[in-house]
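Now for the letters of each chain:
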Amino acid sequence: MRHAAPKAHAGLGAMRLTSSLFASPSGAHCAQSVRARQAANGDAVALHINQSLANRLNEVAPLTRKAIRQSAKAAQRKHNVLTSVSLAALVGTAATSMAFMKGEDTSTFADGTPTETTQVHRISDVSASRSDSREMLSDLGAAQTDTATVSTDGKTTTTSNSGDWALGDSNTIAESAKLTKAVANNPKVAELMDKFASVQPQGFNGNHETGDTGNAYPYGQCTWWAYERRSQLGLNTGSYFGDARSWAASASSMGYWVDNTARNTGDVVVFSPGQEGADGFYGHVAVVEKINADGSIEISESNAKGLGVISHRTFTAEQAKNLQYIHY
């Protein structure tokens, strides 16, 4: 009996060792589970590291599947809230716009308090109405005539709105017939177009090509003087019309008005070769200076009495109608 107890004790110790070897380590409160959870949660004690390092690891550690699901649900809830708010704002804006379009007088806040709103009225496409009559300021009476006194740099000036709508003599147009109606870049041409509007060719273009690039004709010749004199009168002339005999054709091709009637001072007179003493090969050109009442004309010309010598001649109406003239 004295040896039985120790043996039994030894057997019990062996049984306990065997149980501990085969005991399940998966219990929720076992040491292994507790340590595993601490390590998974970044517990600094379990990992045997500094607490600040554990916190940093927790920030960069991958999320668990549960944490991922929770984050996704939170994001969806946030999206739903934002969508609801945006939709509510849109509906409120549309309702407000419809209320203004319908001209509703009142609206109500969420607490049921009625409020007054400003009506918006559509303006018709017709211009703002104005009175068909006008009254002179002088007819409104002295009571409606305002005066004002302005002092500047020690000087006092009194102004008044009394008066009427009359233009007065200083604003009248004395000779409206002299107003230029024609469209031409050259004011002299515009003036002549108005003067001869009833007889000039239909559709005449006052801005036709002039060919004027400066006097390119030999000094003292009849062509040189014709260009020079017209320039003095404010009229353009082609710089390369050629010999005198070809001036009428050259001018006509550029849009100048050419016919057999002298009309105004500055018209070019074209003599055919041999006509009225002109050169038998080159012809001659001159400038109309005056048209007399009987139809006779006075001209100025160069090189009829010598190179560069400016002279004058008069031709009868019968002679004049046989010549050609370049207008404008």
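For the structure itself, consult the block above.
Residues numbered from 1 in each chain as written. Predicted model: local features only at pLDDT ≥ 70, side-chain atom pairs only at ≥ 80, totals over all residues. Heavy atoms only, no water.

A. Highlighting the overall build of the protein. A tally of helices and strands in the protein yields 9 helices and 10 strands. Within the protein, the proportion of its 328 residues that are buried is 22%. The contacts of the protein with a sequence gap of at least 6 include a subset with a gap of at least 24, amounting to 47%. A total of about 23,500 Å² of accessible surface is found on the protein, and carbon and sulfur atoms cover 55% of it. (Helix = DSSP H or I, 4+ residues; strand = E, 2+ residues; numbered from the N terminus. Buried < 20%, exposed > 50% of the residue type's maximum accessible area, 1.4 Å probe, protein only. Contact = heavy atoms within 4.5 Å. Areas by Shrake-Rupley, 256 points an atom, 1.4 Å probe, with all protein chains shown as cover.)

B. Summary view of a nonpolar patch on the surface. On the surface, Leu-87, Leu-90 and Val-91 cluster together into a nonpolar patch covering about 310 Å² of accessible area. Relative to the helices and strands, Val-91 resides in helix H5 (residues 65–102). (Patch = residues over 30% accessible without salt bridge, like charges linked within 9 Å, V, L, I, M, F, W, Y side chains within 5 Å. Salt bridge = Lys/Arg side-chain N within 4 Å of Asp/Glu carboxyl O.)

C. Spatial organisation of the packing of aromatic side chains. The tally for this structure, following the rule as stated, stands at 10 aromatic pairs. Pairing Phe-204 with Tyr-328 gives two aromatic rings, centres 5.3 Å apart and planes at 70°, and the pair type is edge-to-face. With Phe-204 in the loop between helix H6 (187–195) and helix H7 (222–232) and Tyr-328 in the segment after strand E10 (324–327), this pair connects stretches of sequence that are 124 residues apart. For the pair shown, Phe-204 and Tyr-328 are each scored as buried. (Phe/Tyr/Trp six-rings, centres within 6.5 Å; stacked < 30°, edge-to-face > 60°.)

D. Spotlight on H6. Burial in H6 covers these residues: Val-189, Ala-190, Leu-192 and Met-193. Projection of H6 onto a plane perpendicular to its axis shows the buried side chains occupying an angular sector of 165°, all on one side. Looking at H6, the residues exposed on the side facing more than 90 degrees away from the buried face are Pro-187 and Lys-195. Its side-chain oxygen 2.9 Å from the backbone nitrogen of Lys-188, Asn-186 forms the N-cap of H6. (Arc of directions from axis to C-beta. Polar contact = N/O pair within 3.5 Å; in protein donor to acceptor, adjacent residues only side chain to side chain.)

E. Focus on the side chain of Ser-239. Within the element layout of this structure, Ser-239 appears in the loop between H7 and helix H8 (247–254). A relative accessible area of 1% places Ser-239 in the buried class. Discounting chain neighbours no more than four positions away, the residues touching Ser-239 are Gly-211, Asp-212, Thr-213, Gly-214, Ala-216, Tyr-217 and Tyr-227.

F. Spotlight on the nonpolar core. If you look at the biggest cluster of nonpolar residues, it comprises 17 residues, and the most contacted ones within it are Tyr-217, Phe-241, Trp-247, Val-268, Val-270, Val-285 and Ile-326. Only H7, H8, strand E6 (268–271) and strand E7 (284–291) provide two or more residues apiece to this core. No other element matches the 5 residues that H7 contributes to this core. Excluding anything up to four places from it in sequence, Trp-247 contacts Tyr-217, Thr-223, Ala-226, Tyr-227, Thr-237, Phe-241, Gly-242, Val-268, Val-270, Val-285 and Ile-326. (Core = buried A, V, L, I, M, F, W, Y, C linked by side-chain atoms within 4.5 Å.)

G. Structural detail: a positive patch on the surface. Where like charges cluster on the molecular surface, the positive patch consists of Lys-66, Arg-69, Lys-73 and Arg-77. Within the secondary structure layout, Lys-66 lies in helix H5. By relative accessible area, Lys-66 is classed as exposed at 54%. (Lys, Arg positive; Asp, Glu negative; His and termini not counted. Charge placed at Lys NZ, Arg CZ, Asp CG, Glu CD.)

H. Fine view of the pairing of E7. Of all the 8 residues making up E7, 6 are buried; the element is thus mostly covered by neighbouring parts of the structure. The antiparallel hairpin formed by E7 and strand E8 (residues 297–302) contains 5 residues in its connecting segment, where Gly-295 sits at a positive phi of about 95°. (Pairing = 2+ DSSP bridges.)

I. Broad picture of the pattern of salt bridges. All chains considered together, the criterion is met by 5 salt bridges. Measuring nitrogen to oxygen at the nearest pair gives 2.9 Å for the salt bridge that ties Glu-289 to Arg-229. Here Glu-289, found in strand E7, pairs with Arg-229, found in helix H7; they are 60 residues apart in sequence, far enough to count as distant.

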